[in-house]
Each structure stands twice: as structure tokens, then as C-alpha cells.
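Survey of secondary and tertiary structure
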Amino acid sequence: MKNIKSLMLSAGMVAACLGVISCQKTKTTEDGTEYTYIEEGSEKPENGQFIIYEFTAKNSKDSIFISSIENGAPAYMMHNDSVKRYDTTKVRPGIDEIFSSIRKGDSIQFTAAASKIFGEMNTPPFLTADENVTLNIGVTDILDESEMQDFMTKVQEKQQAKMAEEAEAQLAEDIKKIQDYMAENNINATKTESGLFYVIEEEGNGETVEEGNTAVVNYTGYVLEDETIFDTSLEHIAKENDIFSEGRPYEPFEVMVGKGRVIPGWDEGLQLLKGGSKAKLLIPSTLAYGPRQAGEVIKPNSVLVFDVEIVEVQK
């Protein structure tokens with residue numbers, strides 16, 4: 001395996017990916033796409049080797065919407081010298097022509113319509129087909145198959161560490177939001193090791209919910225930030241909050257607990273309760289839907305609150 005330092009972007013490549021160096025040499029593909037070499041490399045890949053590259057993509061407003069550097073995961077492709085450099089039957093012939101000739105050390109910048117870069121069918125929905133996109137590419141290394149396996153292992157480890165670090169920071173932020181909400185609303189809740197907060201408002205006298213049990217639950221869920229209710233099993237609450245849906249059965253929800261069939265905050269929180277209990281669960285985003293959007297109301301990194309009642313515990 002090559003020294004890991006050889007995988008780092010050179011100063012020129014970083015500048016290329018950030019688009020801050022003036023043009024040096026411009027070429028044109030057979031379909032008319034112009035591309036500029038900010039820095040030229042020399043090592044040509046052999047057939048079957050993997051080309052490792054960093055890249056950023058900017059929209060017509062000069063805003064970066066994709067960055068391998070930000071994502072912590074370089075892109076890669078296998079070099080195949082048997083493929084024609086230019087083929088009009090391809091989805092994006094000009095871009096493929098550029099990639100077929102890149103070498104280690106190349107820093108390239110080009111601007112083209114989104115459909116030329118991504119292909120008509122693969123253009124992201126937030127871009128129009130004819131919107132100009134600027135792509136900056138910095139080729140950092142060329143690896144054979146065995147080196148590629150080691151490289152991917154290191155990339156995965158780095159990504160996992162980055163995700164864990166981001167989750168830890170997000171959890172700290174969420175806990176602060178929950179604590180502020182509790183103070184404002186005079187709520188005295190218990191915090192678990194994971195960061196879940198819960199209040200048992202009415203202790204039940206039924207059996208304790210355990211992993212593998214089926215809990216029958218009435219619930220109302222809302223976003224902590226503005227207390228917007230996004231779902232409930234109770235018809236009167238749905239009607240009062242203008243989220244009633246005709247044809248939907250409003251009845252207690254049955255879930256096998258501890259099996260990952262609901263968000264982690266539910267799997268953990270329900271196991272703190274007994275049959276007949278009523279409780280409030282204040283769930284950080286890391287135990288809910290995390291950084292992804294979950295419907296119209298639940299935005300990325302939303303802290304959620306659930307009022308729950310354990311109607312029945314089925315062992």
C-alpha cells in the first residue's frame with residue numbers, strides 16, 4: 001500500500017477543487033465541452049487500475065452542492081483503455097472523454113450543462129437540465145486491486161469515525177434543546193445514558209415492557225421546536241390539529257419492541273414503561289430520524305416529543 005500521505009491532495013489540487021487558481025491550459029472534447037488543466041499530472045493508469053480523485057460540483061449560483069472533500073470519501077473509477085474515448089451513444093460522451101484521459105496529479109476544471117455532466121435521466125431534481133454546473137477534479141492516486149481494498153477499508157473507517165463525531169456533536173446540541181424546553185415548560189424528566197429523556201406521568205400496574213414483547217400504544221408525536229403535531233393514533237387529536245385523514249383507522253399502534261421496527265427512542269423508551277403507563281418521551285434526533293427528512297414536518301435533525309400510553313403488553 002502506498003504511503004497514506006501520497007493520497008493527500010497537493011496544494012494545486014486543493015486549489016482546483018476550490019476553484020481559486022487561474023486557467024493554464026484549455027482543451028475541448030469532441031462534443032464541444034471545454035476543460036482546463038490547472039495542473040497536469042504524468043502517471044497514466046493501466047487497464048484495470050483504479051483512479052482516485054477528489055471533486056466538487058457548483059451550481060449556476062456558485063454554490064457547492066456535492067463535495068467529496070466535505071463527505072470525507074474520495075471518488076474512484078476503474079480505468080478501461082478498451083473503451084472508446086468518444087462515443088456519441090453514451091449518456092455523457094464529453095465527460096467520459098475527459099475521464100478517459102486523466103492521469104495522477106491532474107487538476108481539471110470545466111463547466112457544462114447539468115445534463116451533460118450527469119446525463120438526462122440522472123440530473124439531480126434541484127437542477128435544471130440546461131443549468132451550468134462547474135466541476136473541479138483533483139486526481140490523487142492510482143491504485144491496483146489489492147491497494148484499492150486497503151484504501152476502501154481506510155475510507156470506511158474514516159467515514160465511520162466522522163459520522164460518530166458528528167452524531168456526538170448533534171446529540172450534545174439536542175440535549176441542550178431538550179433541557180431548555182424542559183425549563184421553559186416546567187418539565188422534570190429523567191435522562192438515560194443514550195440521551196433519551198422521559199417522564200412517567202401516570203404509572204401503570206401492568207407488566208413491564210421487555211424486548212420482544214408487543215406493546216399496544218396510543219401516541220401523539222410532535223416536533224419539539226414548534227410543537228407541531230405530525231402524527232397521532234387518537235382521532236380527536238387529529239381533528240383538533242387539522243391532520244385528520246379520512247379512511248385511516250385511528251386506533252392503538254402495535255409494535256414488537258426492541259427489534260428496530262420503530263425509531264431507537266421508541267425501542268428504548270417503551271421498555272421503561274409498564275402496561276397502563278402514560279409517559280412523555282423527549283427524543284434527540286440521534287435516536288429518531290437523524291439528519292434525514294422524514295415527511296413534511298420532521299426536518300433533518302429534529303428533536304421529537306411523544307406522549308404515549310401503554311394500552312396493553314403482549315408477552
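Residues numbered from 1 in each chain as written. Predicted model: local features only at pLDDT ≥ 70, side-chain atom pairs only at ≥ 80, totals over all residues. Heavy atoms only, no water.

The subject of this paragraph is the environment of Thr-214. By the secondary structure assignment, Thr-214 is in strand β10 (residues 214–223). On the accessibility criterion, Thr-214 (16% relative accessible area) is buried. For Thr-214 and Gly-258, which are 44 residues apart along the polypeptide, the C-alpha to C-alpha distance reads 9.5 Å. Those residues in contact with Thr-214, other than ones at most four positions away along the chain, are Glu-254, Val-255, Met-256, Glu-312, Val-313 and Gln-314. (Helix = DSSP H or I, 4+ residues; strand = E, 2+ residues; numbered from the N terminus. Buried < 20%, exposed > 50% of the residue type's maximum accessible area, 1.4 Å probe, protein only. Contact = heavy atoms within 4.5 Å.)

What follows is about the packing of aromatic side chains. Going through the model one piece at a time under the given rule, you end up with 12 aromatic pairs. Ring centres 6.1 Å apart and planes at 50° place the aromatic pair Tyr-53 and Phe-55 in the tilted group. Summarising the burial analysis for this pair, Tyr-53 and Phe-55 share the class buried. Members of the aromatic cluster, connected to one another through ring pairs, are Tyr-219, Phe-230, Phe-253, Trp-266 and Phe-306. In this structure, Lys-239 packs its charged tip against the face of Phe-244, placed 5.0 Å from the ring centre. (Phe/Tyr/Trp six-rings, centres within 6.5 Å; stacked < 30°, edge-to-face > 60°. Lys NZ or Arg CZ within 6 Å of the ring centre and 35° of its normal.)

By secondary structure assignment, the location of Ser-67 is in strand β4 (residues 64–67). Non-local contacts of Ser-67, meaning those with residues more than four positions away in its chain, are made with Phe-55 and Thr-56.

A few words on the nonpolar core. With 25 residues, the main nonpolar core has Val-217, Trp-266, Leu-270, Leu-281, Ile-283, Phe-306 and Val-308 as its most contacted residues. Looking at this core, the element that brings in the most residues is strand β14 (residues 304–314), giving 5 residues. In this structure, Trp-266 is in contact with Val-217, Tyr-219, Phe-253, Val-255, Leu-281, Ile-283, Phe-306 and Val-308, ignoring residues within four places of it in sequence. (Core = buried A, V, L, I, M, F, W, Y, C linked by side-chain atoms within 4.5 Å.)

So, about unusual backbone geometry. A positive phi is found at Asn-186, a non-glycine position, where the angle reads about 55°. Among the structural elements, Asn-186 can be located in the loop between α5 (145–184) and β8 (190–191). Classification of Asn-186 as exposed rests on a relative accessible area of 74%. The backbone of Asp-242 sits at a positive phi, close to 60°, despite the residue not being glycine. Note on placement: Asp-242 falls in the loop between α6 (235–240) and β12 (253–256).

Honestly, that's just the spatial picture; any functional story needs more than this.
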